[in-house]
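Residue strings, one per chain:
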Amino acid sequence: MTRIGLISDTHNFLDEAVFKHFKDCDEIWHGGDFGAIAIAERLRDFKPMRGVYGNIDGPDIRSEYPEQNIFTIENVKVFMQHIGGYPPNYKPGIKAVIMREHPQLFISGHSHILKVMYDDKLQCLHMNPGAAGMQGWHQVRTLIRFVIDEKDIKNCEVIEMRR
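In this report, we go over the structure that sits alongside the text. These numbers come from a predicted model, not from an experiment.

### Description of the overall build of the protein chain
Looking only at helices and strands, the protein chain has 4 helices and 12 strands in total. Scored against the burial criterion, the 163 residues of the protein chain give a buried share of 50%. At a minimum sequence separation of 6, the contacts of the protein chain that also span at least 24 residues come to 49%. Counting every atom, the protein chain has about 7,600 Å² of accessible surface; 49% of that belongs to carbon and sulfur. Across the protein chain, the mean location of the 20 positive side-chain charges is 4 Å away from that of the 22 negative side-chain charges.

### Observations concerning the pattern of salt bridges
Under the definition given, this model contains 11 salt bridges. Across the salt bridge formed by Arg-145 and Glu-157, the nearest N and O atoms sit 3.1 Å from each other. Remark: Glu-157 occurs in strand S12 (residues 152-162) and Arg-145 occurs in strand S11 (residues 140-149); sequence separation between them is 12 residues. Among the ionic contacts, a cluster of salt bridges with common partners joins Lys-77, Arg-100 and Glu-101.

### Things to note about the sheet that holds strand S1 (residues 2-7)
Strand-to-strand pairing in sheets goes through backbone hydrogen bonds, with the strands running parallel or antiparallel. Sheet architecture is open: 5 strands sit in the order S3-S2-S1-S11-S12, paired in mixed fashion. The sheet is open, and its two borders are formed by strand S3 (49-51) and S12, each paired with just one other strand. When the angles between neighbouring strand axes are averaged without regard to direction, this sheet yields 20°. When S1 meets strand S2 (residues 27-30), the two strands line up parallel, connected through 4 bridges. Considered in S2, the bridge of Leu-6 is made with Trp-29.

### Observations regarding helix H4 (residues 94-101)
Taken together, the buried positions of H4 are occupied by Ile-94, Val-97 and Ile-98. Taken around the axis of H4, the buried residues stretch over an arc of 100°, which confines them to a single face. Positive backbone phi, at 55°, marks His-102, one or two positions downstream of H4.

### Some thoughts on the nonpolar core
Ranked by internal contacts, the top residues of the largest apolar core, which has 20 residues, are Ile-7, Val-18, Leu-43 and Leu-143. Listed by contribution, the elements that provide at least two residues to this core are helix H1 (17-21), helix H2 (37-46) and S12. Here the element with the most residues in this core is H2; it accounts for 4 residues. If sequence neighbours within four positions are ignored, Leu-143 has contacts with Leu-6, Ile-7, Val-18, His-21, Phe-22, Pro-129, Ala-132, Glu-157, Val-158, Ile-159 and Met-161. Formed by 16 residues, the second largest nonpolar core is a distinct cluster that contains Phe-71, Val-78, Ile-107 and Phe-146.

Conventions and cut-offs
- Residues numbered from 1 in each chain as written.
- Predicted model: local features only at pLDDT ≥ 70, side-chain atom pairs only at ≥ 80, totals over all residues.
- Heavy atoms only, no water.
- Helix = DSSP H or I, 4+ residues; strand = E, 2+ residues; numbered from the N terminus.
- Buried < 20%, exposed > 50% of the residue type's maximum accessible area, 1.4 Å probe, protein only.
- Contact = heavy atoms within 4.5 Å.
- Areas by Shrake-Rupley, 256 points an atom, 1.4 Å probe, with all protein chains shown as cover.
- Lys, Arg positive; Asp, Glu negative; His and termini not counted.
- Charge placed at Lys NZ, Arg CZ, Asp CG, Glu CD.
- Salt bridge = Lys/Arg side-chain N within 4 Å of Asp/Glu carboxyl O.
- Pairing = 2+ DSSP bridges.
- Axes fitted to C-alpha atoms, helices over the stretch in contact; angles between N-to-C directions.
- Arc of directions from axis to C-beta.
- Core = buried A, V, L, I, M, F, W, Y, C linked by side-chain atoms within 4.5 Å.

Here it is, written out as structure tokens:
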């Protein structure tokens, strides 16, 4: 069983509450738009971390994190890309990657809109944790915690943090 803390769109702001909310997580995943390498370093120093770069991230972040991150954890294949859309309105090219790679979980960020939804046609769960930073139009900053247990994705929790 692996406990995941999912965050995105920090835009160079990292609330100290994130460390409290993710204290029992085994890994942190960042869906892009870190804003500064210091954000990535603080999270990486706290827990093992996976991530992708976002559209605002500079060469320092892009040199450490890919645009697409495809990996398997336990028995779940995961596909992450910052700008990805959501079912059925994927960014061009994303649906083709999902059809080729057959991930059970697709993670994106960018929209600052929290979404957890299942794509029946592609048999893939989509998660966007919304935005954890202060920049943007969102009124509530959000995170997601969930568990991967063998082939199951379960115990999904949405965490809200006021601006």
